[in-house]
Amino acid sequence: MKEIPFGRPVISQEEKKKVLEVLDSAWLTHGPNTKDFEAKFKDFCGAKHAVGVNSGTAALHLGLLCEGIGPGDEVIVPAQTHVATAHAVMYVGAKPVFTDVEVDTYNIDINSLKEMITEKTKAIMPVHFAGQPCKMKEIYEISKDNNLAVVEDAAHAPGAEYGGKKIGSFEESSSASFSFYPVKHITTGEGGMLVTNNEKIAEKANLLRAFGIDKSTWKRTKTERPWFYLVDDLGFNYRMTEISAAMGIGQLDKINSFTDARIKNAMKYESELQGVKGINLPQTIPDVKHAYLFYQILVNDESKTGRDVLIGKLKEKGIGTSVHYPVAVPLMPVYKRLFGFKEGTWPNAEKIAKEAISLPVHPGVSEEDVVYVCDAIKELVQ
Ligand SMILES: Cc1ncc(COP(=O)(O)O)c(C=O)c1O
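In short, a report on the structure. Numbers given for residues are sequential positions, taken from 1 along each chain in its written order. Local features in this predicted model are restricted to residues of pLDDT 70 or higher, and side-chain atom pairs are both shown and tallied only at a pLDDT of 80 or more, whereas totals for entire chains, interfaces and linings draw on every residue. Excluded from the side-chain calculation are hydrogens and water; included are all heavy atoms of the structure.

**Considerations on the site of the ligand**
Move 1: Neighbouring the ligand are 15 residues; Gly 56, Thr 57, Asp 153, Ser 179 and Lys 184 lie closest to it.
Move 2: Under the rule applied, a polar contact is a pair of N or O atoms within 3.5 Å (in protein, one hydrogen donor and one hydrogen acceptor; residues adjacent in sequence only if both atoms are side-chain atoms). Take His 156: an N or O atom from its side chain is 2.8 Å from an oxygen atom of the ligand.
Move 3: Interatomic distance of 2.8 Å between a side-chain N/O atom of Lys 184 and an oxygen atom of the ligand.
Move 4: Under the convention used here, a 1.4 Å probe and the Shrake-Rupley method define accessible areas, while residue burial counts only the protein chains that appear. Protein contact buries 93% of the 380 Å² of open area that the ligand shows by itself. One heavy atom within 4 Å of a molecule or strand is enough for the residue carrying it to be called near that molecule or strand.

Structure below.
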């Protein structure tokens with residue numbers, strides 16, 4: 001039987017060699033590899049600055065802090081996202097205000113977003129779901145008209161493009177945060193990167209990721225008094241390890257070929273599953289390059305097999321899938337408990353949570369694998 005996992009990182013000998021070099025160097029965190037990875041990642045995005053941290057969540061947290069968002073502020077977040085987007089808002093003491101998403105692109109719904117703006121709103125957090133950029137032109141129009149910051153959650157979208165420009169490169173955004181969790185486009189085990197064109201934000205993020213210390217240990221080795229430092233702010237330990245950074249450098253060298261493989265697989269799903277009764281396929285908006293972290297379909301009422309059973313049957317055939325996400329974030333127990341949110345408030349996000357299946361597109365999936373997955377789906381749903 002075939003075994004097609006939902007995600008599988010591709011780690012080559014080069015990355016293993018780089019990691020061993022770090023281990024031999026005895027400089028294990030926040031050093032030259034981190035600097036190099038940051039420089040390469042900012043160039044990849046077409047941005048001016050990049051700050052390496054130890055998770056995508058840490059990058060989001062810093063992105064909000066660097067915008068000065070805090071208690072009493074509201075931040076607009078899509079209801080259909082990873083909890084990290086909303087958690088980051090909670091960490092700074094602000095309130096996440098959840099909007100519904102579009103049922104076919106799975107991205108933030110612009111009309112719903114407009115309705116959520118109040119005099120307390122300080123920022124919008126667009127999430128480029130599964131690698132498809134949000135409608136950034138509309139979002140920037142709204143942010144300009146209402147004087148709001150745009151803090152992008154780009155965890156799914158390295159290499160994705162909107163209007164011919166890479167996600168992470170937009171001057172209109174305050175920052176964009178990326179994640180290097182194992183199932184992402186590139187991985188560092190755990191890791192993240194905050195990318196920005198704003199020098200002040202980059203400086204502050206640099207400070208806050210390492211306790212608020214004014215100079216990194218690496219920089220201090222080059223001074224006359226390497227033991228001396230001052231703490232300017234109440235920062236965190238969000239430093240990226242050198243092991244992660246070394247992996248990241250090797251992974252970044254291959255990101256374009258990884259993403260090409262993902263797109264090719266997604267296109268194959270699209271052609272194979274076109275017109276199949278019982279499922280809805282995702283839609284793509286014009287003028288974007290979708291980076292396809294996964295290919296998400298909805299299993300509708302006409303399907304002979306319900307979503308949950310379908311996942312189990314696919315598993316029996318060796319096909320790994322995932323669900324993004326099993327419950328809309330505001331309806332997760334913690335948010336219901338804190339804010340008293342009720343079912344029925346975000347119809348599209350709630351429908352997606354009940355009907356979605358994410359199919360594997362990673363570089364280890366062949367065209368033959370995609371056909372195998374599609375044949376299994378066709379047999380089970382129609
Ligand atoms: C949309 C989104 N935002 C943020 C995160 C958090 O990233 P990390 O796991 O690196 O903290 C994730 C997932 O991993 C995600 O999918």
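The rest of the description comes next.
**As for the packing of helix α10 (residues 255-273) against helix α14 (residues 367-381)**
Move 1: Each axis is a line fitted through C-alpha atoms, taken for helices only over the stretch in contact, and angles between the N-to-C directions span 0 to 180 degrees. To qualify as a helix, a DSSP run of H or I must reach at least 4 residues; to qualify as a strand, a run of E must reach at least 2; elements of each kind are numbered from the N terminus. Interhelical geometry of α10 versus α14 gives an angle of 35 degrees and a closest axis separation of 10 Å. Note on packing geometry: the crossing formed by α10 with α14 is right-handed. Residues Lys 264, Asn 265, Lys 268, Tyr 269, Glu 272 and Leu 273 of α10 pack against Glu 367, Val 370, Val 371, Val 373, Cys 374, Ile 377 and Lys 378 of α14. Should the near helix be turned anticlockwise from the far one by less than a right angle, the crossing is left-handed, and should it be turned clockwise, the crossing is right-handed. In this description, contact between two residues means that some pair of their heavy atoms is separated by no more than 4.5 Å.

**Overview of the pairing of strand β1 (residues 49-53)**
In the case of a regular strand, side chains alternate between the two sheet surfaces.
Move 1: Residue exposure (1.4 Å probe, protein chains only): buried if accessible area is under 20% of the type maximum, exposed if over 50%, otherwise partly exposed. Counted residue by residue, β1 has 4 buried out of 5 residues, so it is predominantly covered.
Move 2: A pair of strands counts as paired when DSSP detects no fewer than two bridges linking them. Strand direction decides the pairing type here: β1 and strand β9 (residues 192-196), joined by 5 bridges, are antiparallel. Among the inter-strand pairings, Gly 52 is bridged to a residue of β9, identified as Met 193.

**A short note on the side chain of Lys 184**
Move 1: Relative to the elements of secondary structure, Lys 184 occurs in the loop between β8 (175-179) and β9.
Move 2: Positive charges come from Lys and Arg, negative ones from Asp and Glu, while His and the chain ends are left out of the count. For this analysis, a salt bridge means a side-chain nitrogen from Lys or Arg found within 4 Å of a carboxyl oxygen belonging to Asp or Glu. Here Lys 184 sits buried without a salt bridge, and the closest side chain of opposite charge, Asp 153, lies 7.9 Å off (N-O distance).
Move 3: Ignoring any residue separated from it by four or fewer positions in sequence, one finds Lys 184 in contact with Ala 155, His 156, Ser 179, Arg 262 and Leu 293.

**Quick notes on the sheet that holds strand β12 (residues 295-299)**
Move 1: What the 3 strands build is an open sheet, ordered β10-β12-β13; its pairing is antiparallel. The open sheet terminates on both sides in strands that have one partner only, identified here as β10 (279-280) and β13 (356-359).
Move 2: Pairing geometry for β10 and β12, over 2 bridges, is antiparallel. Bridge assignment links Asn 280 to a residue of β12, and that residue is Leu 298.
Move 3: Packed on one face of the sheet, helix α11 (residues 307-316) meets β12 and β13 and runs near 25 degrees to β13.

**Quick word on the sheet that holds β1**
Two pairing modes exist for strands in a sheet, parallel and antiparallel, and in both the strands are linked by backbone hydrogen bonds.
Move 1: An order of β1-β9-β8-β5-β4-β2-β3 is seen for the 7 strands of this open sheet, with the pairing classed as mixed. Edge positions in the sheet fall to β1 and β3 (95-99), since each has one partner strand and no second. This sheet shows a mean twist of 25 degrees between the axes of neighbouring strands, independent of strand direction.
Move 2: In the packing of helix α3 (residues 56-66) onto the sheet, the strands contacted are β1, β2 (74-78), β5 (149-153), β8 and β9, and the crossing angle to β8 comes to about 165 degrees.
Move 3: Contacting β1 and β9, helix α7 (residues 199-208) crosses the sheet at an angle of about 20 degrees to β1.

**Focus on the environment of His 156**
Move 1: Counting through the fold element by element, His 156 comes out in the loop between β5 and β6 (161-162).
Move 2: Along the sequence, His 156 and Lys 184 sit 28 residues apart, while their C-alpha atoms lie 6.9 Å from each other.
Move 3: Those residues in contact with His 156 that lie beyond four places of it in its chain are His 128, Phe 129, Ala 130, Gly 131, Lys 184, His 185, Leu 293, Phe 294 and Tyr 325.
Move 4: Within the structure, the side chain of His 156 is placed 3.1 Å from the side chain of Tyr 325, a separation counted as a polar contact.

**Topic: the pattern of salt bridges**
Move 1: Under the definition given, this model contains 19 salt bridges.
Move 2: Close ionic contact of Glu 21 with Lys 17 constitutes a salt bridge, the shortest N to O distance being 3.5 Å. Of this pair, Glu 21 and Lys 17 both sit in helix α1 (residues 13-25), separated by 4 residues, roughly a single helical turn.
Move 3: Exposure remark for Glu 21: the relative accessible area of 46% places this residue in the partly exposed category.
Move 4: Of the charged contacts in the structure, one is a salt bridge between Asp 43 and Lys 42, with a shortest N-O distance of 3.2 Å.
Move 5: We classify Asp 43 as exposed; its relative accessible area is 54%.
Move 6: Residue classification places Lys 42 among the partly exposed positions, given a relative accessible area of 23%.

All we've got here are geometric facts, nothing functional implied.
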